[in-house]
Amino acid sequence: MIKSMTGYGRGETSGKGKKWIIEIKSVNHRFLDISVKLPRSISLLEEKIKSEIKKKLARGRVEVYVKMQDEGQEIRQVKLDKGLVKAYYSALEEISELVPVSNNIKIMDLAQLPEVLVLEEQNHDLDSYWSIISEMLELALNDLVDMRVKEGQELFRDLSQKIQYLSESCKILKQYTSMAVADYQERIYKKIKEAVDTWDIDNNRVLTEVAIMVDKMSIDEEIVRIDSHLKQLCQELLSEEAVGRKLDFIIQELNREANTIGSKSSIYDISNLVVEIKTIIEKMREQVQNIE
């Protein structure tokens, strides 16, 4: 069964003294394009997250957000660079000797200088963090896939109805065509006979030429190809694989055949029906753009 490329999934848990939240959003895209935003301290886990997503998704623009929040109070250390403080102080002393300014250096003046005080990075156990993130990621991905499946079911129903409409329209086209060809053949034959009535021309040759002209106006081949494309669409809609791009190609071919029929026919009923067929095909094309 086909799946949509639009979905949302969320996972939330606590562990290792932290609260973890992960959100995944996906929209349509020609290929699988994954963007992961997570805290810098665990940025090395990005490729693992992408690898897990690739196991379950084939197409779509996927955005992943990982949030890590401390729970309770956590002791964090501030490191003082003593050598740098002395260097800054000496430089400021030297400035006061070079120019006539007051030598009134305060502690806060030194503390605010770059890299004098540094908040020490915490040691993060990425392996233990990954065990938490991977479970949460699986939950979020399952939610995302479920939503894509449900929307895929809606797309399946809608496209199936449109395929049925096109199939019925082809049957009507066949009826119009048989009547139109007979009428066209008779009119062309009369006009040719009237034009060459005084000429000594073989009647069979006239009928042959009329048959050739009528054959050029026939839309039987186009209708057969449309029927074939519709059957292929039905088969692909039941596939468990990612068939969005293949469906898009088939829709293009349907539109090509409809255009050919429209260019061949000058009969109002056929032209009017072709306009309706092309409208349905365009709606199908828009729907297919969101299929994985």
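Preceding block: the structure.
Remember, predicted model here, so these are calculated numbers, not experimental data.

K.L.:
An account of the nonpolar core is requested, with residue identities and associated values reported.
P.N.:
Among the nonpolar cores identified, the biggest contains 30 residues, and I2, L166, L233, L254, I261 and M284 are the most heavily contacted of them. Sorting the residues of this core by element identifies α4 (126-195), α6 (220-237), α7 (244-264) and α8 (268-288) as the ones contributing at least two each. Counting residues per element, this core draws most heavily on α8, at eight residues. Setting aside its immediate chain neighbours within four residues, I261 contacts L173, I219, E222, I223, I226, I270 and V274. Listed in part, the 25 residues of the second largest apolar core include I49, I53, V62 and M68.

K.L.:
How would you summarise the pattern of salt bridges if you had to cite specific residues and measurements?
P.N.:
All chains considered together, the criterion is met by 19 salt bridges. A salt bridge links K55 to E52, with the shortest nitrogen-to-oxygen separation between them at 3.1 Å. Of the two residues, K55 and E52 both sit in helix α1 (residues 46-56), three residues apart, roughly one turn of that helix. The exposure class assigned to K55 is exposed, which follows from its relative accessible area of 60%. E52 gets classed as partly exposed once you look at its relative accessible area, which sits at 27%. In this structure, R225 engages E257 in a salt bridge whose closest nitrogen and oxygen atoms are separated by 2.9 Å. Taken together, the residues span a long stretch of sequence, with R225 in helix α6 and E257 in helix α7 at a distance of 32 residues. Among the residues examined, R225 registers a relative accessible area of 32% and is labelled partly exposed. Connected via shared salt-bridge partners are R10, E12, K19 and E23.

Conventions used here
Residues numbered from 1 in each chain as written. Predicted model: local features only at pLDDT ≥ 70, side-chain atom pairs only at ≥ 80, totals over all residues. Heavy atoms only, no water. Core = buried A, V, L, I, M, F, W, Y, C linked by side-chain atoms within 4.5 Å. Buried < 20%, exposed > 50% of the residue type's maximum accessible area, 1.4 Å probe, protein only. Helix = DSSP H or I, 4+ residues; strand = E, 2+ residues; numbered from the N terminus. Contact = heavy atoms within 4.5 Å. Salt bridge = Lys/Arg side-chain N within 4 Å of Asp/Glu carboxyl O.

Interpretation in functional terms is not warranted from these geometric data alone.
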